[in-house]
Amino acid sequence: MHRWLRPTLRTDSIYDIDVEGLAARGIRGVILDLDNTIVPWGAHEAPQMLVAWIRRARGAGLALCIVSNNGGDRVAALSGVLGVPALTGAMKPRRRALRRALALMGTTADTTALIGDQLFTDVLGGNRLGLQTILVRPQSAQEYPLTRLVRIVERIMLRGAQ
Ligand SMILES: [Mg+2]
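Each value, and the rule that gives it
- Residues numbered from 1 in each chain as written.
- Predicted model: local features only at pLDDT ≥ 70, side-chain atom pairs only at ≥ 80, totals over all residues.
- Heavy atoms only, no water.
- Core = buried A, V, L, I, M, F, W, Y, C linked by side-chain atoms within 4.5 Å.
- Buried < 20%, exposed > 50% of the residue type's maximum accessible area, 1.4 Å probe, protein only.
- Helix = DSSP H or I, 4+ residues; strand = E, 2+ residues; numbered from the N terminus.
- Contact = heavy atoms within 4.5 Å.
- Phe/Tyr/Trp six-rings, centres within 6.5 Å; stacked < 30°, edge-to-face > 60°.
- Pairing = 2+ DSSP bridges.
- Right-handed = clockwise from strand over helix to strand, strands pointing away.

1. Focus: the nonpolar core
And then number 1: Core analysis: the biggest nonpolar cluster contains 27 residues, and Ile 14, Val 30, Leu 32, Ile 38, Trp 53 and Ile 115 have the highest contact counts within it.
And then number 2: Secondary structure elements with two or more residues in this core: helix H1 (19–24), strand E2 (29–32), helix H2 (48–59), strand E3 (63–67), helix H3 (73–82), strand E5 (112–116) and strand E6 (132–136).
And then number 3: With four residues, H2 is the largest single contributor of residues to this core.
And then number 4: In this structure, Ile 115 is in contact with Ile 14, Ile 17, Val 30, Ile 31, Leu 32, Asp 33, Thr 37, Trp 53, Ile 134 and Val 136, ignoring residues within four places of it in sequence.
And then number 5: Ala 97, Ala 101, Met 105 and Leu 114 belong to the second largest nonpolar core, which has 13 residues in total.

Here it is in structure tokens:
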């Protein structure tokens, strides 16, 4: 698998990520994908478990920023409820919004990690910028029809990487 598509780390969910460990390894900021990474695809509600996770990550000294390819009132509302800034319409794997997230968090590429559920948007974008990339399993099977097709390619590539 091309190195730009290889996540630094793979976990089942954000809840398996050792946020204190990230901070101990010099990470100061974490870019969060929204749909199917921190909430199920299209979700309007922030689970209490996520609120607690965010509190824990902040407690570990991590700055947070949501960077989503989606947008609209739903993302803005979730951002408000969670108290985490969100950059929307990000067009990942393009790097522009990711760079803006670094500027917002006051971090550099080598002190930033990105957590996402998709290889060709999240992992590719993060790797292109030199971030640590953490790939999680999608929280729900529901997504755009195009994404479902891309998943087939993802599965083949991830199987080859094991
Ligand atoms: Mg996603």
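2. Quick look at helix H5 (residues 119–128)
And then number 1: H5 sits mainly inside the fold: eight of its 10 residues count as buried.
And then number 2: Those residues of H5 lying buried are Leu 119, Thr 121, Asp 122, Val 123, Leu 124, Gly 125, Gly 126 and Asn 127.
And then number 3: Packing partners of the buried residues in H5 comprise helix H4 (96–105), E5, E6 and helix H6 (145–161).

3. Here's the deal with the packing of aromatic side chains
And then number 1: Enumeration over the complete set of coordinates arrives at one aromatic pair.
And then number 2: Seen from their ring centres, Trp 41 and Tyr 144 are 5.0 Å apart, and the 85 degrees between their planes marks the pair as edge-to-face. One end of the pair, Trp 41, is in the loop between E2 and H2; the other, Tyr 144, is in the loop between E6 and H6, and 103 residues separate them in sequence.
And then number 3: Trp 41 sits in the partly exposed class, given a relative accessible area of 24%.

4. So, the environment of Glu 45
And then number 1: Along the polypeptide, Glu 45 turns up in the loop between E2 and H2.
And then number 2: Separated by 20 residues in sequence, Glu 45 and Cys 65 have C-alpha atoms that sit 18 Å apart.
And then number 3: Once you skip the residues sitting within four places of it in the chain, Glu 45 turns out to touch Val 39 and Leu 78.

5. As for the pairing of E3
The two faces of a sheet get side chains in turn, since along a regular strand they alternate between them.
And then number 1: Burial within E3 is extensive, with four of its five residues counted as buried.
And then number 2: Sheet topology places E2 next to E3; four bridges connect them, and they run parallel. Opposite Gly 29, over in E3, you have Ala 63 as the bridge partner.
And then number 3: Taken together, E2, H2 and E3 constitute a β-α-β crossover, and its handedness is right-handed.
And then number 4: Where E3 meets strand E4 (residues 86–87), two bridges bridge the pair, whose relative direction is parallel. Pairing of Ile 66 across the sheet is with Ala 86, part of E4.
And then number 5: A crossover links E3 with its parallel partner E4, the connecting element being H3, and its sense is right-handed.

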